[in-house]
Amino acid sequence: ICLLFGVIFLGVGLFRNRVRSLKLELFREKFRIATLQSARAAFEYDKKEDCIRLISECEHIHFPKERMTLSELAACIHPADRALYGQSVIELRRDNTTSTNVRIIHFASDDVYRWYHVTATRLADRDAGNALTIGTVEDIDKSEKERLVLMQKATTDCLTGLCNRAETEQSIRERLAELGKNDHSVFAILDLDDFKLINDTHGHQAGDTVLKTVAYRVRRVVR
């Protein structure tokens, strides 16, 4: 009887593992079909093996090698975006899902940083020890660069390239909100003496040149 129960218990365990495996394969197939239709690449990450691999490629997204580790992936991310990448990893461990925009190199045919939208979801229980993560990588380089250009135009002065009034006021509010009880900050105003005289004597084009020159020199000596 004990042997019979042991066989039944083993069979149930094997059956459950098989069902779980089939479900994972179904998820992979869904991701493969979805990425082919939406021009996105799908990937999976095996925590136990510390291995990332593409399970569905698109025309413009390829890993530099067949399998990558998390540290190898981090090395491909733009240095300015690595903190954001680290935050997304924390979110994935905490919430089982994450989504972020980062610049990555070596994912396209040319060796330049491009913007990608990365999403990831954990499919296994966080305490299982063999958690599998599946996600997508979408090339958003063109749209993201256009968005950044529009944002820059909306927040900077077109002549000097400095922050415009609205962006300056927002920056001041943010800085004041960040100040601790014993912190201090300084607000300074630079006034160009006799600037009207330059415009009246040499014309507005010369005045514009003066403004651009002053802005350039200010940017070089302040943070």
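Everything discussed here concerns the structure shown above.
Attention here is on the structure that accompanies the text.

What counts, and at which threshold
Residues numbered from 1 in each chain as written. Predicted model: local features only at pLDDT ≥ 70, side-chain atom pairs only at ≥ 80, totals over all residues. Heavy atoms only, no water. Core = buried A, V, L, I, M, F, W, Y, C linked by side-chain atoms within 4.5 Å. Buried < 20%, exposed > 50% of the residue type's maximum accessible area, 1.4 Å probe, protein only. Helix = DSSP H or I, 4+ residues; strand = E, 2+ residues; numbered from the N terminus. Contact = heavy atoms within 4.5 Å. Patch = residues over 30% accessible without salt bridge, like charges linked within 9 Å, V, L, I, M, F, W, Y side chains within 5 Å. Areas by Shrake-Rupley, 256 points an atom, 1.4 Å probe, with all protein chains shown as cover. Salt bridge = Lys/Arg side-chain N within 4 Å of Asp/Glu carboxyl O.

### Structural notes on the nonpolar core
The tendency in soluble globular proteins is for nonpolar side chains to be buried side by side. In terms of nonpolar packing, the biggest core is built from 24 residues, with Phe43, Ile104, Phe107 and Tyr116 touching the most fellow members. Within the residue set of this core, elements represented by two or more residues are β1 (41-46), β2 (51-56), α2 (70-76), α3 (82-95), β3 (97-104) and β4 (114-122). With residues up to four places along the chain from it excluded, the contact list for Ile104 reads Cys76, Ile77, Val112, Tyr113, Arg114, Tyr116 and Val118.

### Regarding a nonpolar patch on the surface
Among the surface-exposed residues, Ile1, Leu4, Phe5, Ile8 and Val12 lie close enough to one another that they form a single nonpolar patch of about 560 Å² accessible area. Phe5 gets classed as exposed once you look at its relative accessible area, which sits at 57%.

### Side note on unusual backbone geometry
Of note in this structure, Asp50 is not a glycine but carries a positive phi near 50 degrees. Looking at where Asp50 falls in the secondary structure, it is placed in the loop between β1 and β2. On the basis of relative accessibility, which here comes to 29%, the residue Asp50 falls in the partly exposed class. Even without being glycine, Asn96 reaches a positive phi, approximately 70 degrees. Of note, Asn96 is situated in the loop between α3 and β3.

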